[in-house]
Amino acid sequence: MMKDPIDRLLRRIRGDYQATAATTGLEAPSPGVEAALRRVPRERFVPEDLAPRAWDNTALPIGFGQTISQPFIVALMTDLLALDKDSRVLEVGTGCGYQTAVLAEMAAQVHTIEVVPELARAARERLEALGYTRVQTRVGDGRAGWPEAAPFDAILVTAAAPEIPPALPQQLRPGGRLVLPVDSGWQAQDLLLVTRTPDGGLQRRKVLGVRFVPLVPGQKPPTPSPGDPG
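Being a predicted model, the structure only gives us computed values, none of them experimental. (Residues numbered from 1 in each chain as written. Predicted model: local features only at pLDDT ≥ 70, side-chain atom pairs only at ≥ 80, totals over all residues. Heavy atoms only, no water.)

### Thoughts on the nonpolar core
The line we're drawing: Side-chain atoms within 4.5 Å link the members of a nonpolar core, which is a set of buried Ala, Val, Leu, Ile, Met, Phe, Trp, Tyr and Cys residues. Only protein chains enter the calculation, and the probe is 1.4 Å; a residue is then buried if its accessible area is under 20% of its type maximum, exposed if over 50%, and partly exposed in between. Runs of H or I in DSSP of at least four residues are treated as helices and runs of E of at least two as strands, each being numbered from the N terminus. Contacts are residue-level and defined by heavy atoms, with any inter-residue pair within 4.5 Å sufficient.
Leu 37 and Tyr 98 are the most contacted members of the largest nonpolar core, which has 51 residues in total. In terms of residues, this core owes the most to one element, helix H3 (residues 71-81), which gives eight residues. In this view, Leu 37 contacts Ile 6, Leu 10, Ile 13, Trp 55, Val 74, Ala 75, Tyr 98 and Val 102; residues no more than four positions away in its chain are not counted. One finds Ile 164, Leu 178, Leu 180 and Val 194 within the second-largest nonpolar core, a separate group that totals 20 residues.

This is the structure:
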């Protein structure tokens, strides 16, 4: 991969951080997030005909009514999780696996759930081919989380729900962070940062207006993928 596309993309992401800093509280992507974006080959996560647009700062369709998120949003949501090398993360909405790979670059372990079996299978194969061995995948309804693997240090939801799925905050450790888009009415959505307090309460903060695909309910309980210890 040439340096120019990722350098150009990072300049645009930094510009988006500066433009939204008044509401997000973040003036620039963290060094760790920038490094992760450099290491993950985004062109491997988009359909072949869209590969020339892989390094544009925009969402792109990946089939089944789903999208790969805008890189600025991927960076912002990852930064809001405040990950470190020991973090255990739950992702709801694997999609093509791009956000999963970014998380895996920064955390110790990622559990990720996808409701569309075809997307889940393709993402698992892609992540394995790229060497992301600390990722566990599952097909199922992400609203239920992954209770047998909880508690998590961070949970990221990549699709918008009408409200916060009740099971997810309960699977956070005290001090853990949940970042997700939630419908706010009038076809609008808010990106929320939810922190679980030491006494089990929840602190919520609206971060930014966003637009995500809907969080699709699953028809069956989560089923482990091959090799899944859960």
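### Describing the packing of helix H2 (residues 31-39) against helix H4 (residues 98-106)
Which entries qualify depends on this criterion: Every axis in this analysis is a line fitted to C-alpha atoms, fitted for helices over the stretch in contact. Angles between the N-to-C directions lie between 0 and 180 degrees. Here the word oblique covers every angle except those under 35 degrees (roughly parallel), over 145 (roughly antiparallel) and from 65 to 115 (roughly perpendicular). For any pair of crossing helices, the crossing counts as left-handed if the nearer helix is rotated counterclockwise from the farther one by less than a right angle, and right-handed if it is rotated clockwise.
In the contact formed by H2 and H4, the axes pass within 9 Å of each other and the chain directions differ by 125 degrees. Relative to H4, H2 is oriented oblique. In the crossing of H2 with H4, the sense of the turn from one axis to the other is right-handed. For the pair H2 and H4, the contacting residues are Gly 32, Val 33, Ala 36, Leu 37 and Arg 39 in the first and Tyr 98, Val 102, Glu 105 and Met 106 in the second.

### Observations regarding the side chain of Asp 141
In plain terms, the rule: N or O atoms within 3.5 Å of each other form a polar contact, as long as, within protein, one can give a hydrogen and the other can take it, and as long as residues adjacent in sequence are counted only when both atoms are side-chain atoms.
Within the secondary structure, Asp 141 is located in the loop between strand E5 (135-139) and strand E6 (152-157). A relative accessible area of 10% means that Asp 141 is categorised as buried. At a separation of 2.6 Å, a polar atom in the side chain of Asp 141 contacts the side chain of Arg 143.

Geometric descriptors of this kind do not, in isolation, establish any biological role.
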